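Each chain is listed here by its residues.
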Amino acid sequence: MHHFSRLGLAAATLLLGTSASAQVAGTFSVRAGFTHIAPQVKSGNLSAPSFPGTTVDVGNATSLSGGVNYMLTNHWAIDVPLALPFKHDIEGDGAIAGVGKLGETKVLPVTVFAQYRFAEPEAKFRPYVGLGLTYSRFFKTRSTATLSGLTGGTPSRPTTASVDNKWGITPQIGFVWSINERWSLDAAYYKSFLKTTTHLSSGQSISTRLNPDVIAIGVGYRF
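Residues numbered from 1 in each chain as written. Predicted model: local features only at pLDDT ≥ 70, side-chain atom pairs only at ≥ 80, totals over all residues. Heavy atoms only, no water.

Draft legend 1. Representation of the overall build of the chain. A count of helices and strands for the chain gives two helices and 14 strands. The C-alpha radius of gyration computed for the chain amounts to 24 Å, which surpasses the reference 17 Å derived for 223 residues by more than 25%, pointing to a less compact arrangement than a globule. Each of the three principal axes of the chain carries a C-alpha extent, and together these read 90 × 25 × 25 Å. Looking at the chain residue by residue over its 223 residues, the buried ones come to 38%. Long-range pairs, those at least 24 residues apart, make up 69% of the contacts in the chain with a sequence separation of at least 6. Within the structure as shown, the chain displays about 11,900 Å² of accessible surface, and the carbon and sulfur contribution to it stands at 65%. Here the chain contributes 19 positive and 12 negative side-chain charges, whose respective centroids are spaced 4 Å apart. (Helix = DSSP H or I, 4+ residues; strand = E, 2+ residues; numbered from the N terminus. Rg over C-alpha atoms; globule rule 2.2 N^0.38 Å. Buried < 20%, exposed > 50% of the residue type's maximum accessible area, 1.4 Å probe, protein only. Contact = heavy atoms within 4.5 Å. Areas by Shrake-Rupley, 256 points an atom, 1.4 Å probe, with all protein chains shown as cover. Lys, Arg positive; Asp, Glu negative; His and termini not counted. Charge placed at Lys NZ, Arg CZ, Asp CG, Glu CD.)

Below, the structure is given as structure tokens:
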């Protein structure tokens, strides 16, 4: 009986040693958490007719998020973040700073990352770097009475707005910390280089460099 117990303990030790926290080629994982987007806005001027220096600012947004990851090799991976849409407020700035909210828009960014993970597959802590291509889709852009008042709109015919969808490059740094053989913590910072243009029904437009800082944290499960 003692002999079989030692054999069982040895087998369990071997199993845990080979599977615990191993991020090897062919490993597939999912995660769930939240993502915070903080645009670093540099706004152009609203086209004429407008006050000189009429610019805008774009607020931060947080949403439930997650992602899927597939290890192509022991170090290279393809990663696709997923999230519910983010809602950003658009406010007056520059010559119209203090007027308040001009509108809001929802955005659904879709990114595919190529990641390189450092350390060995069995390491408990693995930092990584990534480079991704992002497509940002803006939708449900709504304007306020304040925007209408600034651009000649009326209650019966308010000024409306639309935001151009755009592609951008997104570098990334982060880490995976393995809690056990299945569960892990994934945290990342990335920067999307994104510039877009908002068009108003009044015929005016404004270009805005958003370049958001992004923080994503999730709890992962490895299959």
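There's more to say after this.
Draft legend 2. Just unusual backbone geometry, in detail. Look at the link from Ala48 to Pro49: it is a cis peptide, with omega at 0°. Its location among the elements puts Pro49 in the loop between β2 (42–43) and β3 (54–58). For Lys140, which is not glycine, the phi dihedral falls at a positive 50°. Its place among the elements puts Lys140 in strand β8 (residues 125–143). Even without glycine at this site, Asn211 takes up a positive phi of about 40°. Structurally, Asn211 can be placed in the loop between β13 (205–209) and β14 (213–222).

Draft legend 3. Structural detail: the sheet that holds strand β9 (residues 161–163). Spatially, β2-β13-β12-β9 is the arrangement adopted by the four strands of the open sheet, whose pairing is antiparallel. A strand with exactly one partner marks an edge of an open sheet, and here the two such strands are β2 and β9. Across five bridges, strand β12 (residues 195–200) lies against β13 in antiparallel orientation. What sits directly across from Thr196, in β13, is Thr208. (Pairing = 2+ DSSP bridges.)

Draft legend 4. The arrangement of empty space enclosed by the protein in detail. Applying the stated rule across the entire model yields two cavities of 30 Å³ or more. Taken as a whole, the largest cavity holds about 150 Å³ of empty space. Every element with two or more residues in the lining of the largest cavity is listed here: β1 (28–38), β4 (61–71), β11 (183–191) and β14. It is β4 that contributes the most residues to the lining of the largest cavity, four residues altogether. Residue composition of the lining of the largest cavity, grouped by class: five nonpolar, seven polar and four charged. (1 Å grid on protein atoms, 1.4 Å probe; cavity = no way out; pocket = protein on both sides within 12 Å on 5 of 7 lines; lining within 4 Å. Points joined across faces, edges and corners; volume = space filled by probe spheres on them. Nonpolar A, V, L, I, M, F, W, Y, C, P; charged D, E, K, R; others polar.)

Draft legend 5. The arrangement of the pattern of salt bridges in detail. Per the stated rule, a full pass over the model turns up four salt bridges. One continuous salt-bridge network, built from bridges that share partners, spans Asp89, Lys101 and Glu104. (Salt bridge = Lys/Arg side-chain N within 4 Å of Asp/Glu carboxyl O.)

Draft legend 6. Main features of the pairing of β14. Side chains Val214, Ala216, Gly218, Gly220 and Arg222 project from β14 onto a buried face, and the interleaved Asp213, Ile215, Ile217, Val219 and Tyr221 project onto a face without burial. The sheet contact formed by β11 and β14 spans nine bridges and is antiparallel. Bridged to Trp183 within β14 is Tyr221.

Draft legend 7. Focus on the packing of aromatic side chains. The final tally for this structure, using the stated rule, is eight aromatic pairs. Look at Trp76 and Tyr116: their rings are 5.1 Å apart centre to centre, the planes differ by 65°, and that puts the pair in the edge-to-face class. Taken as a pair, Trp76 in strand β5 (residues 76–83) and Tyr116 in strand β7 (residues 101–117) lie far apart in primary sequence, 40 residues in all. Ring pairs connect the aromatic residues Phe28, Trp183, Tyr221 and Phe223, which therefore count as one cluster. (Phe/Tyr/Trp six-rings, centres within 6.5 Å; stacked < 30°, edge-to-face > 60°.)

Draft legend 8. The nonpolar core, seen in detail. Counting residues in hydrophobic clusters, the biggest one holds 16 residues, and the most contacted among them are Phe86, Phe138, Tyr190 and Leu210. Breaking this core down by element, the ones donating at least two residues are β7, β8, β11 and β14. Not counting residues up to four positions away in its chain, the partners in contact with Leu210 are Pro39, Gln40, Val41, Val58, Phe138, Leu194 and Thr196. (Core = buried A, V, L, I, M, F, W, Y, C linked by side-chain atoms within 4.5 Å.)

Draft legend 9. Seen up close, the side chain of His88. Of note, His88 is situated in strand β6 (residues 86–94). In this structure His88 comes out as buried when scored by relative accessible area, which is 5%. Within the structure, the side chain of His88 is placed 2.7 Å from the backbone oxygen of Gly59, a separation counted as a polar contact. With sequence-adjacent residues up to four places away left out, His88 is seen in contact with Ile37, Pro39, Val58, Gly59, Asn60, Ala61, Gly103, Glu104, Thr105 and Val107. (Polar contact = N/O pair within 3.5 Å; in protein donor to acceptor, adjacent residues only side chain to side chain.)

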